[in-house]
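# A look at the structure
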Amino acid sequence: MSSDPQPQCPAPRPEREHRASYPVLSTTARALAARCESRVNELARRMARDDFERLPGYAELPDDVKDVEVAATVRHGLRLFLRRVQEPRGRPGDYTLFRERAAQRAEEGMPLHTLLRSHSAAVYVLWQALRDEATDQESGALIELVDFLLRGHEAVIGAVTETYVAEQATLSAERSEHQRALVRGLLDGSLPPGRAFDELGLEGPCLVVHLRLGLPPRDGAAITNVAGRRLVRRVQAAVDRDCGPGAVSLLDTDGGHVILPRRAGYPDDLRACEQLRAALRMFCGEDVRLAAVTADTAQDLPTAARTGRDIVRVARAGGRPPGLHLMDDVLLEYHLSQRDESSDRIVALLRPIEDRPDLVETLRVHLEQRQDRRSTARRLGLHPNTVDNRLARIAELTGLDIASPRGSALALAALLLRDSACDGG
């Protein structure tokens, strides 16, 4: 249960509630209801202490909640019914207490079905009281009152459910945002790792998985807010299903990070990553990339997160097909992509062709295809002679001999460092 101050429940809707009115009851029906007014306190105590005890979870409520809050709510409901019998037109604020209590019960974790059953049980007890009070000559009046009672119950249930669901949504959003803040602080190092680790329920070594969805804009436009939220929910559902309990995540429409406790063992953890990628491909397309990096302690998580991002970036820049990438898969490319005092001079080697995206892409694909001109041509949809002409033009403009080991290594390093600068790495 939250220790924050009691949240304000959604404001009542006075216009709708004030206009709610019911048929004027007969004099006999009003007289029958009036005879029950003296029993309001007795009925409230009886419901709060006896009749509700059979409801799931009610017996565990503190005594003061039963004797004060529940009893007060029951009294309010009984008096509201009896007043409306005499004065069918509703007043602003008739349902305010019901809404406040619904918000409290939602915050305390009482199931909605238990809350609604308590209101239905109260209606039944009131019906019993009216039935016991009615004489044989008042059967018609009793039917009037029962009809009136059930119509009023519908409105109360609507107000209670609406408030409970709204409060649950607010609490869920707060919990989700709190967890996101913890994961964000843990991954970027802005929070003490021990505190964030404990609050997230993590312990021991973890596998940090970086996701890159690579979704193209739809119809030339960016993903809308609604579509983005729907996508993140679907990705989160796949993470929850395939990564199991204990995994925590920080996701957006581009991907994000998932932290998996290393409980199943390294091979099984990687199989979970493969299952996750297969699930994400179903609604994110083929260009889904994952990188998995082990963090032995909470202090290692920020470094693992950065390494995962770099592995995916390097794998993509190096032309590797989408999939699950490990450090060993991109060991040379990763090393070549690390920036130092020579980086700017290496990137400058490609400056003569930076305004020729066709040449840059040809160079990238040619290196990815292990310098096989026919494979490069098939990937690009070109004739092999066109590939030869482009490679000759690259060599002429840059001075790089792509056919030599040194030239191909320099070209690969220049591409990786160039893409790293473009990605903000």
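Structure: above.
Residues numbered from 1 in each chain as written. Predicted model: local features only at pLDDT ≥ 70, side-chain atom pairs only at ≥ 80, totals over all residues. Heavy atoms only, no water.

Next up on the list: unusual backbone geometry. Of note in this structure, Arg 370 is not a glycine but carries a positive phi near 60°. With respect to the helices, strands and loops of the structure, Arg 370 is situated in the loop between helix 14 (357-368) and helix 15 (373-380). The exposed category is assigned to Arg 370, whose relative accessible area is 78%. Despite not being glycine, Gln 371 shows a phi value in the positive range, around 60°. (Helix = DSSP H or I, 4+ residues; strand = E, 2+ residues; numbered from the N terminus. Buried < 20%, exposed > 50% of the residue type's maximum accessible area, 1.4 Å probe, protein only.)

Bringing the packing of aromatic side chains into the picture now. Evaluation of the coordinates by the stated rule reveals 3 aromatic pairs. Taking 5.6 Å as the distance between ring centres and 85° as the angle between the ring planes, the aromatic pair formed by Phe 52 and Tyr 58 counts as edge-to-face. Neither Phe 52 nor Tyr 58 differs from the other in exposure class; each is buried. (Phe/Tyr/Trp six-rings, centres within 6.5 Å; stacked < 30°, edge-to-face > 60°.)

Our next topic: the side chain of Glu 333. If you trace the backbone, Glu 333 turns up in helix 12 (residues 331-337). In contact with Glu 333, other than residues within four places in its own chain, are Val 314, Arg 320, Leu 412 and Leu 416. (Contact = heavy atoms within 4.5 Å.)

A few words on the environment of Ser 139. Mapped onto the fold, Ser 139 is located in helix 7 (residues 139-188). According to the relative accessible area criterion, Ser 139 is partly exposed, its value standing at 43%. Once the C-alpha coordinates of Ser 139 and Thr 28 are considered, the two residues, 111 residues apart in sequence, prove to be 10.0 Å apart.

Another aspect to go through is the pattern of salt bridges. Under the defined criterion, the tally for this structure stands at 27 salt bridges. Arg 49 is paired through a salt bridge with Asp 63; the nearest N and O atoms lie 3.2 Å apart. With Arg 49 in helix 3 (residues 40-49) and Asp 63 in helix 4 (residues 63-86), this pair connects stretches of sequence that are 14 residues apart. With relative accessibility at 31%, the residue Arg 49 sits in the partly exposed group. Residue Asp 63 is classed as partly exposed on the basis of its relative accessible area, which comes to 46%. A cluster of three or more residues bridged by salt bridges with shared partners is formed by Arg 35, Glu 133 and Glu 138. (Salt bridge = Lys/Arg side-chain N within 4 Å of Asp/Glu carboxyl O.)

Successive side chains on a regular strand alternate, one facing one side of the sheet and the next facing the other. Burial runs high along strand 4 (residues 289-295): 6 of the 7 residues are buried. In this structure, strand 4 lies alongside strand 5 (residues 324-325), joined through 2 bridges in parallel fashion. Within the sheet, the bridge partner assigned to Ala 291 lies in strand 5 and is His 325. Viewed along the sheet, the connection from strand 4 through helix 11 (residues 301-317) into strand 5 turns out left-handed. (Pairing = 2+ DSSP bridges. Right-handed = clockwise from strand over helix to strand, strands pointing away.)

What follows concerns the nonpolar core. Core analysis: the largest hydrophobic core is formed by 50 residues, its most contacted members being Leu 186, Ile 259, Leu 301 and Leu 363. In contact with Leu 363, other than residues within four places in its own chain, are Leu 350, Ile 394, Ile 402, Ala 411 and Leu 415. (Core = buried A, V, L, I, M, F, W, Y, C linked by side-chain atoms within 4.5 Å.)

Attention now moves to the packing of helix 4 against helix 5 (residues 96-108). Across the interface, helix 4 lies against helix 5 with an axial gap of 10 Å and an inter-helix angle of 150°. In terms of axis orientation, helix 4 runs roughly antiparallel to helix 5. For the crossing formed where helix 4 meets helix 5, the hand is left-handed. Contacts between helix 4 and helix 5 involve Val 65, Glu 69, Ala 72, Thr 73, His 76, Gly 77 and Leu 80 on the former and, on the latter, Leu 97, Phe 98, Arg 101, Gln 104, Arg 105 and Glu 108. (Axes fitted to C-alpha atoms, helices over the stretch in contact; angles between N-to-C directions. Parallel < 35°, antiparallel > 145°, perpendicular 65-115°, else oblique. Left-handed = near helix turned anticlockwise from the far one by under 90°.)

This part is about the environment of Val 312. Inspection of the secondary structure assignment puts Val 312 in helix 11. Exposure remark for Val 312: the relative accessible area of 2% places this residue in the buried category. When neighbours within four sequence positions are excluded, Val 312 is seen to be in contact with His 210, Arg 212, Arg 289, Leu 290 and Ala 291.

The N-to-C vectors of helix 14 and helix 15 enclose an angle of 125°; their axes lie 9 Å apart at closest approach. In this view, helix 14 runs oblique relative to helix 15, as classed from their interaxial angle. By crossing handedness, the relation of helix 14 to helix 15 is classed as right-handed. Each of Glu 361, Thr 362, Val 365, His 366 and Glu 368 in helix 14 lies in contact with helix 15, whose residues at this interface are Arg 373, Thr 376, Arg 379 and Leu 380.

Moving on: helix 15. Taken residue by residue, helix 15 has Ser 375, Thr 376 and Ala 377 as its buried positions. Packing partners of the buried residues in helix 15 comprise helix 14 and helix 16 (384-398). With a side-chain oxygen lying 3.0 Å from the backbone nitrogen of Arg 374, the N-terminal cap of helix 15 falls on Asp 372. Gly 381, located one to two residues past helix 15, shows a positive phi value of around 70°. (Polar contact = N/O pair within 3.5 Å; in protein donor to acceptor, adjacent residues only side chain to side chain.)

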